[in-house]
Amino acid sequence: MKWFIFGAGLLVLMVLSAEDLRNRKIHAGFMVMIGIGLCVLQGFYLIISGRQDHIEMIHWCMGAAPGAVLLLLGKVTGGRIGIGDGMVVFGAGLMTGGILSFRIFIWSLMLIFIFSCVGLLTGKLRCHSCIPFVPFYTMAYIGGWIL
């Protein structure tokens, strides 16, 4: 069941990555519907596996912390950080749980940092360039589950 949830989450992230690359925006309605469905699946997994104690539920909810921080930063920066990016990280964090959620978030930030440095050094990017975040988050999501 755990790998099914990983695969479903990866499929959603791949669709959202393609949309983010193409339009530089994420369709919130689709994302919310899929996110709710995946969170319900995660809840069923916790119940079926017998892991419905309070500590496991708190661990699961702590996974949303990076997404909550991104949503807050999006409001503070006036939209320079997209709300859709925060919603993706929030939903994926609810799916993956605490430590894995933080690991995926940190790896995605490292990947986008490396990409940005190379782009700035080669002249392909400028300091005000808009970079889609979800494709980097998707790569980190894959790496987080494998490692």
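The written sequence of each chain sets the order in which its residues are numbered from 1. The predicted origin of the model limits local features to residues at a pLDDT of at least 70 and limits the giving and counting of side-chain atom pairs to 80 or more, whereas totals for whole chains, interfaces and linings rest on all residues. Side-chain calculation: all heavy atoms of the structure are included, whereas hydrogens and water are not.

### Section: the overall build of the chain
- In terms of regular secondary structure, the chain is built from seven helices and zero strands.
- Only DSSP runs of H or I with at least four residues qualify as helices, and only runs of E with at least two residues qualify as strands; both kinds are numbered from the N terminus onward. In sequence order, the chain lays out its α and β elements as α-α-α-α-α-α-α.
- It is over C-alpha atoms that the radius of gyration is taken, and the globule rule equals 2.2 Å times the number of residues to the power 0.38. Relative to the compact-globule value of 15 Å for 147 residues, the chain shows a C-alpha radius of gyration of 16 Å, a close match.
- For the chain, the spread of C-alpha atoms along the three principal axes comes to 55 × 30 × 25 Å.
- At a minimum sequence separation of 6, the contacts of the chain that also span at least 24 residues come to 70%.
- For the chain, the exposed area adds up to about 8,700 Å²; of that, 74% sits on carbon and sulfur atoms.
- His is not counted here, nor are the chain ends, while Lys and Arg score as positive and Asp and Glu score as negative. Every charge is mapped to an atom, namely NZ of Lys, CZ of Arg, CG of Asp or CD of Glu. For the chain, the centre of its 10 positive side-chain charges and the centre of its 5 negative side-chain charges are spaced 12 Å apart. Contacts: residue pairs with any heavy atoms within 4.5 Å of one another. Note on areas: Shrake-Rupley with a 1.4 Å probe; residue coverage comes only from the protein chains shown.

### A closer look at the side chain of Ser-116
- Within the secondary structure, Ser-116 sits in helix H6 (residues 98-122).
- Residues contacting Ser-116, with those up to four places away along its chain left out, are Leu-125 and Ile-131.

### Section: the layout of surface pockets
- Both cavities and pockets are sets of points on a 1 Å grid over the protein atoms alone; in a cavity a 1.4 Å probe fits but cannot get out, in a pocket the set is open with protein on both sides within 12 Å along at least five of seven lines, and lining residues sit with an atom within 4 Å of a point. Grid points are joined across faces, edges and corners, and a volume is the space filled by probe spheres set on the points. In this model, the largest pocket occupies a volume close to 650 Å³.
- Around the largest pocket, the lining is made up of 25 residues, and of these Arg-80, Ile-81, Asp-85, Cys-130 and Ile-131 lie nearest the centre.
- Elements represented by at least two residues in the lining of the largest pocket include exactly helix H5 (83-96) and H6.
- Counting residues per element, the lining of the largest pocket draws most heavily on H6, at four residues.
- Residue classes in the lining of the largest pocket are distributed as 13 nonpolar, six polar and six charged. In this count, Pro and Cys sit with the nonpolar residues alongside Ala, Val, Leu, Ile, Met, Phe, Trp and Tyr, while Asp, Glu, Lys and Arg are called charged and the others, Gly among them, polar.

### Points about the environment of Thr-77
- Mapped onto the elements, Thr-77 comes out in the loop between helix H4 (65-76) and H5.
- Sequence separation between Thr-77 and Lys-124 is 47 residues; the distance between their C-alpha atoms is 24 Å.

### A closer look at the side chain of Asp-20
- As for its position among the elements, Asp-20 is in helix H1 (residues 2-23).
- Despite being buried, Asp-20 has no salt bridge partner; Arg-24 is the closest side chain of opposite charge, sitting 6.1 Å away.
- Counted as a polar contact is a pair of N or O atoms within 3.5 Å, where, for protein atoms, one must be capable of donating a hydrogen and the other of accepting one, and residues adjacent in sequence contribute only when both atoms are in side chains. Within the local environment of Asp-20, its side chain forms a polar contact with the backbone nitrogen of Phe-133, the two atoms lying 3.3 Å apart.
- Those residues within four positions of Asp-20 in sequence are excluded, and the remaining contacts are Lys-25, Ile-26, Asp-85, Pro-132, Phe-133, Val-134 and Pro-135. Each residue gets one of three labels from its accessible area relative to the maximum for its type: buried under 20%, exposed over 50%, partly exposed in between, using a 1.4 Å probe on protein chains only. Any carboxyl oxygen of Asp or Glu within 4 Å of a side-chain nitrogen of Lys or Arg constitutes a salt bridge here.

### Let's talk about the environment of Ala-8
- Within the element layout of this structure, Ala-8 appears in helix H1.
- With a relative accessible area of 17%, Ala-8 lands in the buried category.
- Here the alpha-carbon distance between Ala-8 and Gly-37, two residues 29 residues apart in the chain, equals 9.9 Å.

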